[in-house]
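An overview of the molecular structure
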Amino acid sequence: MGKIISITNQKGGVGKTTTAINIAASLAVAEKSVLLVDLDPQGNATSGCGVDIKALNTSIYDAFTGNRNIRDLVLSTELKHFKLVPANIDLIGAEIELIDHEYREHVLHKAIGKLREDFDFIILDCPPSLGLLTINALTAADSVIIPVQCEYFAMEGLSQILKTIDLVQNSLNKDLFIEGILLTMFDSRNNLSHQVADEIRGHFKEIVFNSVIPRNVSLGEAPSHGKPIILYNINSRGAQSYLELALEVVKNDKKGTR
Ligand SMILES: Nc1ncnc2c1ncn2[C@@H]1O[C@H](COP(=O)(O)OP(=O)(O)O)[C@@H](O)[C@H]1O
Ligand SMILES: [Mg+2]
């Protein structure tokens, strides 16, 4: 039975999509079978995997409407063990159509259950909001990774997402747990980066991953080539940090919940 991990933070630009693509690819090169599900109508995870979002015939939207079995929506990527369910702008419609749905928070959970036995890990890339798509992800997931950019308002954003996770745990998904808080875009030459990282570690202790993702030019460039970082520049610090993170996630998995 695969583990479902949601990559969630209501703030945009904190490194959710970069983390989703690269954790998925890093797990896949460690011989884990991985599915990345793009849940953002912007489709950044989809195009970052080299898939043309304008040419899609089907997408995760079709799973939300119930038009298609989610199994029929799975695409291959350049890496053998790394599959993708893509998204595009159609997904905006799902957010609206779900409002009248009887089990509107559970639609993804129901759809994705069928895929659990096919994969070791299913990674969900959330949109930058706490709307119904994100709530569906948190309801479907076993755990959450919260990427936090090492910058000034990081703590404010964190307390909001933690409140939401708490609400979901109290109602929709009582087994949901925090896989880890991930420090992203860390700039070792910048005092603020150190201050924010220290503050978050001081406060959240062992919930914070040991791995830290540095600000790294190759990580910013890779999506425009439609490649995860390990296929674009394996020697970069960005690639190495995501490989390390993947190992931490695998170890967590062995330990069970933390
Ligand atoms: N560690 C990093 N170093 C350099 N650029 C990064 C890094 N992480 C993300 N980026 C870039 O920052 C932007 C926002 O990242 P993204 O992963 O799309 O965030 P989100 O999905 O949370 O909106 C993108 O252009 C991405 O390529
Ligand atoms: Mg994104």
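So, here is what we can say about the structure in this document.

Conventions we followed
Residues numbered from 1 in each chain as written. Chains lettered and ligands numbered in written order. Predicted model: local features only at pLDDT ≥ 70, side-chain atom pairs only at ≥ 80, totals over all residues. Heavy atoms only, no water. Helix = DSSP H or I, 4+ residues; strand = E, 2+ residues; numbered from the N terminus. Rg over C-alpha atoms; globule rule 2.2 N^0.38 Å. Buried < 20%, exposed > 50% of the residue type's maximum accessible area, 1.4 Å probe, protein only. Contact = heavy atoms within 4.5 Å. Areas by Shrake-Rupley, 256 points an atom, 1.4 Å probe, with all protein chains shown as cover. Lys, Arg positive; Asp, Glu negative; His and termini not counted. Charge placed at Lys NZ, Arg CZ, Asp CG, Glu CD. Phe/Tyr/Trp six-rings, centres within 6.5 Å; stacked < 30°, edge-to-face > 60°. Lys NZ or Arg CZ within 6 Å of the ring centre and 35° of its normal. Axes fitted to C-alpha atoms, helices over the stretch in contact; angles between N-to-C directions. Nonpolar A, V, L, I, M, F, W, Y, C, P; charged D, E, K, R; others polar. Near = heavy atom within 4 Å. Polar contact = N/O pair within 3.5 Å; in protein donor to acceptor, adjacent residues only side chain to side chain. Disulfide = S-S within 2.5 Å.

Points about the overall build of the protein chain
Of regular secondary structure, the protein chain possesses 11 helices and 7 strands. In terms of overall size, the protein chain behaves like a compact globule, its C-alpha atoms giving a radius of gyration of 17 Å where 258 residues would be expected to give roughly 18 Å. With respect to the three principal axes, the spread of C-alpha positions in the protein chain is 50 × 40 × 35 Å. Burial analysis of the protein chain (258 residues in total) assigns 55% to the buried set. Taking the contacts inside the protein chain whose residues are at least 6 apart along the sequence as the reference set, 76% of them involve residues at least 24 apart. Total accessible area on the protein chain stands at roughly 11,700 Å², and carbon and sulfur atoms take up 50% of it. Each charge sign in the protein chain was given a centre, from 25 positive and 31 negative side chains, and these centres are 5 Å apart.

Points about the packing of aromatic side chains
Here the structure, examined in full by the defined rule, presents 1 aromatic pair. With a centroid separation of 5.0 Å and 70° between ring planes, the pair formed by Tyr 152 and Phe 153 is classed as edge-to-face. Residue Phe 153 is classed as partly exposed on the basis of its relative accessible area of 48%. A cation sits over an aromatic face here: Lys 110 above Tyr 103, 4.3 Å from the ring centre.

A short note on the packing of helix H7 (residues 154-170) against helix H8 (residues 191-204)
Two quantities define a packed helix pair, namely the angle between the helix axes and the distance between the axes. Packing of H7 against H8 brings their axes to within 11 Å, and their N-to-C directions diverge by 35°. Where H7 abuts H8, its residues Ala 154, Met 155, Leu 158 and Leu 162 lie against Val 196, Glu 199, Ile 200, His 203 and Phe 204. Residue classes in the contact of H7 with H8 are distributed as 7 nonpolar, 1 polar and 1 charged.

Comments concerning the site of ligand 1
Within the structure, ligand 1 sits among 14 residues, and Gly 13, Thr 17, Thr 18, Pro 214 and Asn 216 are positioned closest to it. One of the backbone nitrogen or oxygen atoms of Gly 15 is found 3.1 Å away from an oxygen atom of ligand 1. One nitrogen or oxygen atom from the main chain of Asn 216 is found 2.9 Å from a nitrogen atom belonging to ligand 1. Protein coverage of the free-state accessible area of ligand 1, which is 550 Å², stands at 77%. Tallying contributions element by element places helix H1 (residues 16-29) first for the shell around ligand 1, with 3 residues. When grouped by side-chain class, the residues that make up the shell around ligand 1 number 5 nonpolar, 7 polar and 2 charged.

Section: the state of the cysteines
The full count for this structure, using the stated rule, is 0 disulfides. A disulfide-free cysteine, Cys 126 has its sulfur positioned 16 Å from the sulfur of Cys 49, the nearest such atom. Cys 126 sits in the buried class, given a relative accessible area of 1%.

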